[in-house]
2 protein chains.
Amino acid sequence: MSYGRDARGERTVSRGGGGLATALRGLVEQHDVTWIANAMTDEDRVVAGEEQSGTILIAQDRDAYARFYNVVANPTLWFVQHMLWDLAFAPDFDRDAWTSYAAVNATMARAAIAELDRAPDACVFFQDYHLYLAPAIVRRERPNAVMSHFVHIPWPESDAWTVLPPEIRGEVFAGLLANDVVGFHTDRWRRNFLRGCVDVLGARVEGDVVDHGGRRTLVTAHPIGIDTDEFDELKHDESVLARERELEASRPEQLVLRVDRTDPSKNVVRGLRAFGLMLDRHPELRGRVRMLALLDPSRQDIPEYVGYVAAIEREARSLGDAVDLRVGDDFTRSVAAYKQFDVLLVNAVFDGLNLVSKEAPYVNERDGVLVLSENAGAHEELGEWALSVNPFDVSAQADAIHEALTMGAAERRRRADAIRAHVRSHDVSAWKDAQLADLDRVRSSR
Amino acid sequence: MSYGRDARGERTVSRGGGGLATALRGLVEQHDVTWIANAMTDEDRVVAGEEQSGTILIAQDRDAYARFYNVVANPTLWFVQHMLWDLAFAPDFDRDAWTSYAAVNATMARAAIAELDRAPDACVFFQDYHLYLAPAIVRRERPNAVMSHFVHIPWPESDAWTVLPPEIRGEVFAGLLANDVVGFHTDRWRRNFLRGCVDVLGARVEGDVVDHGGRRTLVTAHPIGIDTDEFDELKHDESVLARERELEASRPEQLVLRVDRTDPSKNVVRGLRAFGLMLDRHPELRGRVRMLALLDPSRQDIPEYVGYVAAIEREARSLGDAVDLRVGDDFTRSVAAYKQFDVLLVNAVFDGLNLVSKEAPYVNERDGVLVLSENAGAHEELGEWALSVNPFDVSAQADAIHEALTMGAAERRRRADAIRAHVRSHDVSAWKDAQLADLDRVRSSR
C-alpha cells in the first residue's frame, strides 16, 4: 500500500492495484504478517518515521533508491528476465547502480532481521526481483531463519544471465539459494532456474532440490491465481456496471480487448499490427470489429518505457478508428471491458504469468475467446483452451484473432467454461496454501 | 570459392577469406570431396550452367535466394543464434521468406542426392545455419546416407528459439537430427542444443546421443583450429612484411588491436567506449597508446548492418585520433597488425568460436595480451591465458585493457607462449580429424 495527501492535506491510503498486491493482501489478512516495504512516496517517508505495526515502511537513501529501482530493478533485471535488451547496443553494466541495489537489499535485510528478533519463529517471505540479495544477508545473520522467495517474472536461461558479469549473476543465484524455498509460476521458469544453478554456480540438482554451499533449497512452481470472491463482487459493483453501460452503448458488434501496462514485454505494438493485418485480410469486418486497448502507463521515469508508449501511439494512429487506445490507470473500466470482450489478446513477448488472462475470462459474459502467447506463464495452465500464438508471428496472430472472431458459439462456450472452472479452482488461496505447504515441508525436514 | 571477371573479361577465381573456407579447403585438398555451394555472383551462375567437377555451383531462383540469404539466414537465424534481436520491436516472423529458405534447402538437398547416386558411399557434410532443413530431405530420400552437420555459430538456449514459431523451430531441430553427427565448437553450444532437443522436440538424450523419431544422432564439440602452416608462411610473406613496415613506422608505443567483420555480434561500439574510458582513467597513456580497429564491411544489404557501421563510425569519431578505424577487406594488413599488437581485444556479444583470437596470438611477435569475451567460443580453450571480460561490462573492459597494457614482460610471455602452443597443437587438421573420427564412430556402430 502507498500513502499520500488529499486536497485537504489529510493522509490517504491507496492499495496497490496489481495482482501481486491483491494476492499478498489475502495472506496478510488471514495470518499474523508484518509487511516490510520500501517507502515510495513522500508521505510514505513520513509514515516510515512513525511508530509502525503490520506494515513497516523503510525510508531508503533517495539516490540509492532511484538507482535500485530505475536502473537495476527496471530496466536491467526486468529486461534481462524478459529478454528485452537490444544487446548490440545496451546495456552497459552499471556497477555503481548495482552497489545501490545491494545497499537497498541490505537495509531490507536488516529490517527483516529486526522483525525476526521480535518474532523468532516467523517465516520471511521475499517477493520478486527487487530483493535477490537480501536473503543471503539474513541467512548470514540468522542461520536458522525459515525463508521463502517467490519470483513473479520469467526466469531466463543461463546465456541470458550473461548480461550481468559473472560475479554479479553468481550473487543473484546464491542470494536466492540462501532461501529454503524458491518459487516460480511455471515449470518452465523453474527448469531454467535449476539449469542456471548448475551453469552459473556449479550447484548440484536432485529433483526439485538444489544443493549448494552446504545448504539445500526446494525449488517449486505454483502459478498464482486471482481472488475470485473479489471479482464475483466487482462484476456487480455499481461503478463497474456504470462503465459497462457506457461501453455497451458505444461498442461495435465484436470487441477485441487488451489490458496491459505499457511495458515492452507486453508486445502491444505487434498486437496492433496483427489487428490491422486481420482487417486487411478480412475487410468485411471493418466497422463491425474494434480493438479496445486499455493501457496503464508504466515506469515513465525510464526512457525505454517512454519510447515504447510513443511507438504504441504511432502504431495505433496508423489504424485510425479501428482502434480505441486508452492510456490511463482505470481498473473499474478494465473490469467493465473484461465482461464485454469477444476476443482477449494476450500476446506478451515473455510474461511471468499474466493475471489478465485469468481475471478477464473469469468475469466475461460473452464466452469471449482467449488468444494467448506461448511465452506467457499462464499458457502452461490455459493453453489448451486458448488459441496459442507465437509473440513474434504477427501474421499468425492476425489469423488467430480472426479465428476467435468467427468461432462457433458451442466451441466458444466450451473453452470459456473450461477456463472459468480452472481459474475458480486454482484461485489465489490455492496459491497461498501451496506456498505454506512448501514451508511446512521444509520445516518438517529439519 | 567465388568466380568473377577481371578488367580484360577473363574469368577470375577468388577463394573465401574466412576461417571456415580455409578449414574446409584442407578437407577438400586431402580427400576426394565434391563441394556443393550456392552461386553467389553473376559469374558463379554462368559456371553453374557448365559441366562441373570438384565444386558444384547451384543457381537458385534469384528472389528466393535473396530471401534465403538476406532475410532468413541473415539476420533472422544469425540474430536468433547471437541473441541480437531487440525483441520488443523485431523481428516479425516472415513466413514467405521461410518458404524460400526451405526451397533453397530443397535444391541443395537434391544436389546432394544426385552426388550420392554417383558415389553411394560418400558422406554428406553440411555446414552451418544456411542448411538446417536439407539433411531431413536427404534422409527421407536416402535413409542410409552417412551425414554430418557442423554449426559454426552459437547455439542459443530454448527460449531464444521461441523467436521462431513452434513448427518452424521444430523443423530446425528435426532437420539437424536427420544427420548422424551434429558438431559444435564448444561444450556450451552443444549443451544448449541437447537441452533444446528435449525442450523443443521432447527427444530423449543419453550422454552425447539424441534419440528422436527412431534415429540416434551423435552430438559432439570440436573447436575449429587454424592452418598453422599457412600462417607460418604468411608471417614472412613479402606483402605482409611491407604492410608491417608501414605499420611500424606509424605505430605508437603500444597498440590495441581489434580485427572483425562489422557485425553487431562483434561488439565494436562497446569496445571503442571501453578504450575511451581507459584513456579517461589513465590520461598518462594518451598519445602513447592507440586503438587500431580493422573492420571488414559485412552484409551491407541488411539495414541492421548498415546501422551498425554508422554507430561504429560515430563512436570512433568521438575518440578523435586515439582510434585508427579502417573499414575495408585487407587480410594482408590484418596479418601485419596481428604481428604488431600489444593488446588484442575480442569482446564479442556472442561468438561461435572467433578465429581471430587464435590467428593473431599465433603470429604475434610482441607477447601481446589477449582480452577475451566470456561469450566467445574460444574462451573455453583460451580463457585461462587471456584476460576474461564480460561483453556488457564496458568498465571492466577498460580495466582489462589497462591491465594488459601494464602487464609485466614475464607474465605476458607466459600467457602468449601457452596460447601459441595450444593453437599449434589444436590446429585445423586436428579439427578435421575429429570430424572424421566421429563419422567412423557412427559407421562402426551401424
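Novice: Please explain the overall build of chain A as it appears in this structure.
Specialist: Tallying secondary structure elements over chain A gives 17 helices and 16 strands in all. On C-alpha atoms alone, chain A measures out to a radius of gyration of 22 Å, which is about the 22 Å that the 2.2 N^0.38 rule sets for 446 residues. Principal-axis analysis of the C-alpha atoms gives chain A an extent of 65 × 55 × 45 Å. Working note: accessible area of chain A is about 17,400 Å², and carbon and sulfur atoms make up 49% of it.

Novice: Any chance you could explain the packing of aromatic side chains here in plain terms?
Specialist: The description of an aromatic ring pair rests on the distance of the ring centres and on the angle between the ring planes. All told, the structure shown has 38 aromatic pairs over all chains when counted by the stated rule. Note on Tyr132(A) and Trp155(A): the rings are 5.7 Å apart at their centroids and 70 degrees apart in plane angle, and the pair reads as edge-to-face. Here Tyr132(A), found in the loop between β5 (123–127) and α5 (134–141), pairs with Trp155(A), found in the loop between β6 (146–150) and α6 (166–177); they are 23 residues apart in sequence, far enough to count as distant. Taking 5.2 Å as the distance between ring centres and 45 degrees as the angle between the ring planes, the aromatic pair formed by Phe184(B) and Phe193(B) counts as tilted. On the basis of relative accessible area, Phe184(B) is assigned to the buried category, the value being 0%.

Novice: Explain the pattern of salt bridges here, please?
Specialist: Side chains carrying opposite charge are able to pair once their charged atoms draw close together. For the structure on display, the rule yields 89 salt bridges over all chains. Measuring nitrogen to oxygen at the nearest pair gives 2.6 Å for the salt bridge that ties Glu43(A) to Arg5(A). Placement of Glu43(A) in helix α2 (residues 42–48) and of Arg5(A) in strand β1 (residues 2–5) is noted, with a sequence separation of 38 residues between them. With a closest N to O distance of 3.2 Å, Arg204(A) and Asp211(A) form a salt bridge. Exposure remark for Asp211(A): the relative accessible area of 24% places this residue in the partly exposed category. Each of Glu157(A), Arg188(A), Arg191(A), Arg195(A), Asp159(B) and Asp199(B) takes part in one network of salt bridges that share partners.

Novice: Can you walk me through the relation of the copies chain A and chain B in this structure?
Specialist: Note that the two copies of the chain are related through a rotation about an axis and a translation along the same axis. Laying chain A over chain B is done by rotating through 180 degrees and shifting 0.0 Å along the axis; what remains is an RMSD of 0.0 Å. Between the two chains, the operation in question is that of a two-fold axis. No C-alpha of chain A approaches the rotation axis more nearly than that of Asp86(A), which lies at 2.1 Å. Interface residue correspondence from chain A to chain B reaches 100%, placing this contact among same-surface, isologous pairings.

Novice: What's the story with the pairing of strand β1 (residues 2–5) of chain B in this structure? I'm lost.
Specialist: Residues and elements named next belong to chain B. Across 4 bridges, β1 lies against strand β2 (residues 11–14) in antiparallel orientation. If you follow Arg5 over to β2, its bridge partner there is Arg11. As consecutive antiparallel partners, β1 and β2 are separated by 5 residues, and within that stretch Gly9 has a phi angle of approximately 85 degrees, a positive value.

Novice: How should helix α6 (residues 166–177) of chain B be read in this particular structure?
Specialist: Along an α-helix, residues three or four positions apart point the same way, because every turn accommodates 3.6 residues. Helix length check: α6(B) (12 residues) gives 16 Å between terminal C-alpha atoms against 16 Å at 1.5 Å per residue, within 8%. Among the residues making up α6(B), those that are buried are Ile168(B), Arg169(B), Gly170(B), Val172(B), Phe173(B), Gly175(B), Leu176(B) and Leu177(B).

Novice: Teacher, can you tell me more about unusual backbone geometry here?
Specialist: Phi is mostly negative for residues that are not glycine, and the peptide bonds are mostly trans. A cis amide bond links Asn74(A) with the next residue in sequence, Pro75(A), at an omega value of 10 degrees. Looking at the element boundaries, Pro75(A) is found in helix α3 (residues 62–81). The backbone phi angle of Arg299(A) is positive, close to 50 degrees, even though this residue is not glycine. Within the secondary structure, Arg299(A) sits in the loop between β12 (289–296) and α11 (303–318). In this structure Arg299(A) comes out as buried when scored by relative accessible area, which is 18%. Not every positive phi belongs to a glycine, and Asp367(B) is a case in point at roughly 50 degrees. Relative to the elements of secondary structure, Asp367(B) occurs in the loop between α13 (356–363) and β15 (369–373).

Novice: Can you walk me through the sheet that holds strand β7 (residues 181–184) of chain B in this structure?
Specialist: In sheet architecture, strand pairing relies on hydrogen bonds along the backbone and comes in two forms, parallel and antiparallel. All names here are of chain B. Pairing is mixed in the open sheet, where 6 strands are placed in the order β5-β6-β7-β10-β9-β8. Strands at the two margins of the open sheet, each flanked by one partner only, are β5 (123–127) and β8 (204–206). Here the strands of the sheet are splayed against their neighbours by 20 degrees on average, with no regard to which way each runs. Two strands pair when backbone bridges link them, and β8 and strand β9 (residues 209–212) are joined in this way by 3 bridges, in the antiparallel orientation. The partner of Val205 across the bridge, within β9, is Val210.

Novice: Help me understand the pairing of β9(B) in this model?
Specialist: In regular strands, side chains alternate between the two faces of the sheet. Linkage of β8(B) to β9(B), two consecutive antiparallel strands, is achieved through a turn of 2 residues, within which Gly207(B) is found at a positive phi near 60 degrees. Remark: 2 residues form the turn of the hairpin made by β9(B) and strand β10 (residues 215–221) of chain B, two consecutive strands paired antiparallel; Gly213(B) in that turn has positive phi of roughly 60 degrees.

Novice: Quick question: what am I supposed to make of the interface of chain A and chain B here?
Specialist: Many descriptions give the size of an interface as the accessible area lost when the pieces come together. Tallying the contact residues gives 43 residues for chain A and 43 residues for chain B. Summed over both sides, the interface of chain A with chain B buries roughly 3,500 Å², with 44% coming from carbon and sulfur. Interface area lost by chain A to chain B is led by Leu87(A), Asp159(A) and Phe392(A), which between them contribute 19%. A salt bridge links Arg195(B) to Asp199(A); the nearest nitrogen and oxygen atoms lie 2.9 Å apart. The tally of links from chain A across to chain B stands at 32 residue pairs in polar contact (both at pLDDT 80 or more). Among the secondary structure elements, those contributing two or more residues to the side of chain A that touches chain B are α6, α7 (187–201), α10 (268–281), α11 and α15 (394–405) of chain A. By residue number, the principal contributor to the side of chain A that touches chain B is α7(A), which donates 6 residues. Partitioned by chemical class, the residues of the side of chain A that touches chain B number 23 nonpolar, 6 polar and 14 charged.

Novice: Can you walk me through the packing of α13(B) against helix α16 (residues 409–425) of chain B in this structure?
Specialist: Geometry of a packed helix pair, given as the angle between the helix axes and the separation of the axes. Residue and element names in this part refer to chain B. Packing of α13 against α16 leaves a shortest axis separation of 9 Å and a crossing angle of 115 degrees. Relative to α16, the crossing made by α13 is left-handed. The residues of α16 that touch α13, namely those facing Lys358, Pro361 and Tyr362, are Ile419, Arg420, Val423 and Arg424. Considered class by class, the residues forming the contact of α13 with α16 number 4 nonpolar, no polar and 3 charged.

Novice: Before we go on, may I ask you to explain α10(A) in this structure?
Specialist: Residue and element names in this part refer to chain A. Helix length check: α10, at 14 residues, gives a terminal C-alpha distance of 20 Å against a target of 20 Å (1.5 Å per residue), a fit within 8%. Among the 14 residues in α10, 10 count as buried, and that is most of the element. Turning to α10, its buried residues are Val268, Val269, Arg270, Gly271, Leu272, Ala274, Phe275, Gly276, Met278 and Leu279. Close packing links the buried residues of α10 with β11 (254–261), β12, α11, β13 (323–327), β14 (343–346) and α15.

Novice: I would appreciate a short explanation of the nonpolar core in the present structure.
Specialist: A general tendency of soluble globular proteins is for nonpolar side chains to be buried together. Counting residues in each nonpolar core, the largest one holds 160 residues, and the members touching the most others are Trp155(A) and Trp155(B). For Trp155(B), the contacting residues outside a window of four places in its chain are Gln81(B), Tyr132(B), Trp161(B), Val172(B), Phe173(B), Leu176(B), Phe184(B), Trp189(B), Asn192(B) and Phe193(B). Formed by 37 residues, the second largest nonpolar core is a distinct cluster that contains Leu234(B), Leu292(B), Val356(B) and Leu382(B).

Novice: Is there a simple way to think about the sheet that holds β14(A) in this case?
Specialist: Residues and elements named next belong to chain A. Taken together, 6 strands build an open sheet; the order of strands is β13-β12-β11-β14-β15-β16 and the sheet is parallel. Because the sheet does not close on itself, it has two edges, and the strands there are β13 and β16 (387–389). Strand after strand, the sheet turns through a mean of 20 degrees between neighbouring axes, direction not considered. Each of β11, β14 and β15 (369–373) touches helix α13 (residues 356–363); the most contacted strand, β14, lies at about 175 degrees to it.

Novice: Would you mind showing me how to read the packing of α3(A) against helix α4 (residues 95–118) of chain A here?
Specialist: Residue and element names in this part refer to chain A. Put simply, α3 and α4 touch, their axes get as near as 8 Å, and they point 110 degrees apart. Classified by the angle between their axes, α3 and α4 sit roughly perpendicular to one another. Residues Ala64, Tyr65, Arg67, Phe68, Val71, Val72 and Leu77 of α3 form the contact with α4, whose participating residues are Asp96, Ala97, Trp98, Ser100, Tyr101, Val104 and Asn105. Taken together, the residues that form the contact of α3 with α4 break down as 10 nonpolar, 2 polar and 2 charged.

Parameters and conventions
- Residues numbered from 1 in each chain as written.
- Chains lettered and ligands numbered in written order.
- Predicted model: local features only at pLDDT ≥ 70, side-chain atom pairs only at ≥ 80, totals over all residues.
- Heavy atoms only, no water.
- Helix = DSSP H or I, 4+ residues; strand = E, 2+ residues; numbered from the N terminus.
- Rg over C-alpha atoms; globule rule 2.2 N^0.38 Å.
- Areas by Shrake-Rupley, 256 points an atom, 1.4 Å probe, with all protein chains shown as cover.
- Phe/Tyr/Trp six-rings, centres within 6.5 Å; stacked < 30°, edge-to-face > 60°.
- Buried < 20%, exposed > 50% of the residue type's maximum accessible area, 1.4 Å probe, protein only.
- Salt bridge = Lys/Arg side-chain N within 4 Å of Asp/Glu carboxyl O.
- Least-squares fit on C-alpha atoms with pLDDT ≥ 70 in both.
- Contact = heavy atoms within 4.5 Å.
- Pairing = 2+ DSSP bridges.
- Expected span 1.5 Å × (residues − 1).
- Axes fitted to C-alpha atoms, helices over the stretch in contact; angles between N-to-C directions.
- Buried area = accessible area lost by both parts, 1.4 Å probe.
- Polar contact = N/O pair within 3.5 Å; in protein donor to acceptor, adjacent residues only side chain to side chain.
- Nonpolar A, V, L, I, M, F, W, Y, C, P; charged D, E, K, R; others polar.
- Left-handed = near helix turned anticlockwise from the far one by under 90°.
- Core = buried A, V, L, I, M, F, W, Y, C linked by side-chain atoms within 4.5 Å.
- Parallel < 35°, antiparallel > 145°, perpendicular 65-115°, else oblique.

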